[in-house]
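# Reading the structure
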Amino acid sequence: MTALKVIGIILLIFLLIGFLRVGALLRFGQELNLRLSVGPFRFTLLPAKEKKETAQEAAKTKKEKEKRAEKKKRGLPKLTKEEKKDLISTALSALRESARRACKRLRIDPLEILVVFGGSDPAEIAQTYGYANAMMWGLMPHLEDIFLIPEPSLHLRMDYSAEKTRAEGSVGCSLRIRDGLRILIALLWPLLKWYLRYKKAHKNDAPAEKPTESAQPNHKHNEKMGGHTWKRLLQSGSGRHK
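Described in the following lines is the structure provided in the data block.

What counts as what
Residues numbered from 1 in each chain as written. Predicted model: local features only at pLDDT ≥ 70, side-chain atom pairs only at ≥ 80, totals over all residues. Heavy atoms only, no water. Pairing = 2+ DSSP bridges. Helix = DSSP H or I, 4+ residues; strand = E, 2+ residues; numbered from the N terminus. Axes fitted to C-alpha atoms, helices over the stretch in contact; angles between N-to-C directions. Contact = heavy atoms within 4.5 Å. Core = buried A, V, L, I, M, F, W, Y, C linked by side-chain atoms within 4.5 Å. Buried < 20%, exposed > 50% of the residue type's maximum accessible area, 1.4 Å probe, protein only. Patch = residues over 30% accessible without salt bridge, like charges linked within 9 Å, V, L, I, M, F, W, Y side chains within 5 Å. Areas by Shrake-Rupley, 256 points an atom, 1.4 Å probe, with all protein chains shown as cover. Salt bridge = Lys/Arg side-chain N within 4 Å of Asp/Glu carboxyl O. Lys, Arg positive; Asp, Glu negative; His and termini not counted. Charge placed at Lys NZ, Arg CZ, Asp CG, Glu CD. Phe/Tyr/Trp six-rings, centres within 6.5 Å; stacked < 30°, edge-to-face > 60°.

### Comments concerning the sheet that holds strand β3 (residues 41–46)
Here we have 6 strands laid out as an open sheet, ordered β3-β2-β1-β6-β4-β5, and mixed in their pairing. If you trace the sheet from one side to the other, it starts and ends with β3 and β5 (152–158), each paired once. For this sheet, the mean inter-axis angle between neighbouring strands, taken without regard to orientation, is 10°. Here helix α5 (residues 177–201) sits on the sheet and contacts β1 (21–28) and β6 (166–176); the angle it forms with β6, its principal contact strand, is near 85°.

### Describing the nonpolar core
By size, the foremost hydrophobic cluster in this structure holds 10 residues: Ile-108, Leu-111, Val-115, Phe-117, Ile-125, Ala-132, Met-136, Met-140, Ile-149 and Leu-156. In this structure Ile-149 touches Ile-108, Leu-111, Met-140, Leu-143 and Glu-144, once residues within four positions along its chain are discounted.

### Re a nonpolar patch on the surface
The grouping of Val-22, Leu-26, Leu-32, Leu-36, Val-38, Phe-41, Phe-43, Leu-45 and Leu-46 at the surface amounts to a nonpolar patch, some 710 Å² of accessible area in total. Secondary structure elements with two or more residues in the nonpolar patch: β1, β2 (33–38) and β3. Considering every element that reaches the nonpolar patch, the biggest residue donor is β3, with 4 residues. Summarising the element assignment, Leu-32 is placed in the loop between β1 and β2. Given a relative accessible area of 45%, Leu-32 falls into the partly exposed group.

### Notes on a positive patch on the surface
Where like charges cluster on the molecular surface, the positive patch consists of Lys-78, Lys-81, Lys-84 and Lys-85. Topologically, Lys-85 is positioned in helix α3 (residues 81–105).

### Some remarks on the side chain of Thr-90
Topologically, Thr-90 is positioned in helix α3. When sequence neighbours within four positions are dropped, the list of residues in contact with Thr-90 reads Pro-190, Leu-191, Trp-194 and Arg-197.

### A short note on the packing of aromatic side chains
Applying the stated criterion across every chain yields a total of 2 aromatic pairs. Relative to Tyr-129, the ring of Phe-117 lies with its centre 6.2 Å away and its plane at 80°, an arrangement referred to as edge-to-face. Highlighted residues: Phe-117 in strand β4 (residues 107–117) and Tyr-129 in helix α4 (residues 122–146), separated in sequence by 12 residues. Using a relative accessible area of 8% as the deciding quantity, one classes Phe-117 as buried. Residue classification places Tyr-129 among the partly exposed positions, given a relative accessible area of 22%. Aromatic side chains Trp-194 and Tyr-198 sit 5.2 Å apart centroid to centroid with 5° between the ring planes, which places their arrangement in the stacked category. Here the residue Trp-194 and the residue Tyr-198 both occupy positions in helix α5, the gap between them amounting to 4 residues, near one helical turn. The pair formed by Trp-194 and Tyr-198 is uniform in burial state, with each residue classed as buried.

### Some details on the pattern of salt bridges
Counted by the stated rule, this structure contains 6 salt bridges. A salt bridge links Asp-86 to Arg-197; the shortest N-O distance between them is 3.1 Å. Of this pair, Asp-86 sits in helix α3 while Arg-197 sits in helix α5; the two residues are 111 residues apart in sequence, bridging distant segments of the chain. A residue is classified by how much of its surface remains accessible, and Arg-197, at 45% relative accessible area, is partly exposed.

This is the structure we're talking about:
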């Protein structure tokens, strides 16, 4: 019974974590601000805090770069044309499926944007305002059908005294962790299948042989031996002539 209770508690915790929302909030205008949220926790990414890198951290990053370069050198065999086509079609279908799932589960809230058109030519300001207004009212109904946007707040204005156009507002998007996992699986599962097929097809391929470091010293050693042999022959020949 104790084991069943522990398993039940673990499943309940995972279920509650799955209902937590993960999101991002972008504020723009006089200052750019970006904040990530995971449930009740908030993390500010912009404006970023200045961080001084120590000597140990610099050495660590250098070692990591060297390791990455070594891994790149050990890369997989080159893709054939058929494999490239297969990869592109697999990636596109995976992106299409994941985008379809993301659109249904993504919540855009808040959506508050204010654009004030300005400039030196009043006729150009009015024309730009008319185009933007038509585009906004033509696009928003489609966005509301695709995404979940509870309370959109979009405002366009004209200011003939302003020297240039300005925009400010805040845009946030979020989704539940369980929905994010479903989208991630829909994206990665077809790519994983393709990778397994590719690995199986190149299972018996021989790795490209690289010249070893010991080959160069041996080559030099052979050259030296050959030089000494020629010198001995020349010396013996001159001795005979004498």
